[in-house]
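# Structural description and commentary
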Amino acid sequence: MKRSMNISSTVPATRTFHPETPADADAVIAALQDHYSAAVTGLRAAITAFVQNGTPPPPGSMADGRFSYPALSIRFGGVERGDGDSHNLAFGRLERAGDYVTTVTQPALFADYLREQLRLLIRHYDVTIAVGASGQMIPFPYVLDASDGSEMGSVTPLDLARHFPTTELADIGDELADGLFGMDPDAPLPLALFDALRTDFSLARLRHYTGTAPEHFQRYILFTNYHRYVDEFVDWGGEQLGQNDYTALTGAGGLQLNKRTKNARDKLSDTAWRRHQMPAYHLVRPDGMG
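Residues numbered from 1 in each chain as written. Predicted model: local features only at pLDDT ≥ 70, side-chain atom pairs only at ≥ 80, totals over all residues. Heavy atoms only, no water.

The subject of this paragraph is the overall build of the chain. Per the secondary structure count, the chain includes six helices and eight strands. Tracing the chain from N to C terminus, the helices and strands come up as β-α-β-β-α-β-α-β-α-α-β-β-α-β. Looking at the chain as a whole, 38% of its 290 residues are labelled buried. Considering only contacts in the chain between residues 6 or more positions apart, those separated by 24 or more positions represent 77%. (Helix = DSSP H or I, 4+ residues; strand = E, 2+ residues; numbered from the N terminus. Buried < 20%, exposed > 50% of the residue type's maximum accessible area, 1.4 Å probe, protein only. Contact = heavy atoms within 4.5 Å.)

Reading across the sheet, the five strands line up as E1-E4-E2-E3-E5 and stay open at both edges, with mixed pairing between neighbours. Strands at the two margins of the open sheet, each flanked by one partner only, are strand E1 (15–17) and strand E5 (189–190). Note that strand E2 (residues 68–80) and strand E3 (residues 98–103) share six bridges and pair antiparallel. Bridging across to E3, Phe76 finds its partner in Gly98. Sitting on the sheet, helix H1 (residues 25–53) is in contact with E1, E2 and strand E4 (125–137), with an inclination near 155° to E2. Packed on one face of the sheet, helix H2 (residues 111–124) meets E2 and E4 and runs near 140° to E4. (Pairing = 2+ DSSP bridges. Axes fitted to C-alpha atoms, helices over the stretch in contact; angles between N-to-C directions.)

Within this structure, the stated rule accounts for 14 salt bridges. One salt bridge connects Arg115 with Asp112, and the closest N-O pair in it is separated by 3.1 Å. Highlighted residues: Arg115 and Asp112, both in helix H2, separated by three residues, approximately one helical turn. Residue class for Arg115 comes out partly exposed when judged on its relative accessible area of 23%. Here Glu232 ties to Arg265 by a salt bridge, and the two come within 3.2 Å at their closest N and O atoms. Remark: Arg265 occurs in the loop between strand E7 (255–257) and helix H6 (272–275) and Glu232 occurs in helix H5 (residues 227–240); sequence separation between them is 33 residues. Look at Arg265 and you get partly exposed, because its relative accessible area is 30%. (Salt bridge = Lys/Arg side-chain N within 4 Å of Asp/Glu carboxyl O.)

Two quantities define a packed helix pair, namely the angle between the helix axes and the distance between the axes. Two numbers describe how H1 lies on H2: the axes approach to 9 Å, and their chain directions differ by 135°. The orientation of H1 relative to H2 falls into the category oblique. H1 and H2 meet at a crossing whose hand is right-handed. Touching Ala25, Asp26, Val28, Ile29 and Leu32 of H1 are Ala111, Leu114, Arg115, Leu118, Arg119 and Ile122, all from H2. Its residues assigned to classes, the contact of H1 with H2 shows eight nonpolar, no polar and three charged. (Parallel < 35°, antiparallel > 145°, perpendicular 65-115°, else oblique. Left-handed = near helix turned anticlockwise from the far one by under 90°. Nonpolar A, V, L, I, M, F, W, Y, C, P; charged D, E, K, R; others polar.)

What follows concerns the sheet that holds E7. Backbone hydrogen bonds are what pair the strands of a sheet, in a parallel or an antiparallel way. If you trace the three strands from one edge of the open sheet to the other, you get E7-E6-E8, paired in antiparallel fashion. Because the sheet does not close on itself, it has two edges, and the strands there are E7 and strand E8 (282–284). Adjacent strand axes in the sheet meet at a mean angle of 20° when their direction is disregarded. Two strands pair when backbone bridges link them, and strand E6 (residues 248–251) and E7 are joined in this way by three bridges, in the antiparallel orientation. Bridging from a neighbouring strand, Leu249 pairs with Leu257 of E7. Contacting E6 and E8, H5 crosses the sheet at an angle of about 15° to E8.

What follows concerns the nonpolar core. Counting 22 residues, the largest nonpolar core has Leu72, Ile74, Leu94, Leu118 and Ile129 as its most contacted members. Counting only elements with at least two residues in this core, the list comes to H1, E2, H2 and E4. Once residues within four sequence positions are removed from consideration, Leu94 is found in contact with Ile74, Phe76, Tyr100, Leu121, Tyr125 and Val127. Within the second largest apolar cluster, 19 residues are counted, among which are Phe50, Phe140, Tyr142 and Ala196. (Core = buried A, V, L, I, M, F, W, Y, C linked by side-chain atoms within 4.5 Å.)

Here is the structure:
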């Protein structure tokens, strides 16, 4: 029996903030996460309905914002706060009055970064912040994850591309990096170097080449082209689990250890070297300091 899917047609309302203290940044991040989660959940449900029943997404869903990245907008009228030392900052600063905007993907993954940047802006500038749906849709490949048990059956990526937003390299925002941003004087100013599409594309490449989830990457990274060094690291990492806040040792292809393990290389198969161009192994701590 085919199941009917409840596909949400509700786009979260735009939320506007007039932050007074840096702590208000957390509410902005929560709103970004609400929008992003609603869009991803709705897109996955629509894909599942199409795969199971052949049901296309509702009319207008590609234009009404329900599958779109959240937009983060900041309006700065030119009034600075505090001791006026904002111009000494290398980041977290606004050059001039105006409207700034960017799209955001995976707010939970980038929460620490967003919090640091937003708190600086709130501390130094009198700003109005808005979070709402953007006109930039999430490509369907970025919400599909083989590890969640998704089954496409006979449905091909081309079938999905006929009904759902897909990856268009021409739409990826490199305007600022390429020196093309600002050609339209009436357009908002850029709030970030790269938009959500560019960020998701980079995260997908990271997963593709290393075989591991982007969220497993830690602050310190060792590069080597010698297999035996990797084996030694994996064995050592297995011995560290349960100590010094290390919670997991993950490897290419979704392999993971959570308990102290001797000879961990035997558990994290070296077949990854034949399936991934640059397989990675992560000794994970919740604070990212692995």
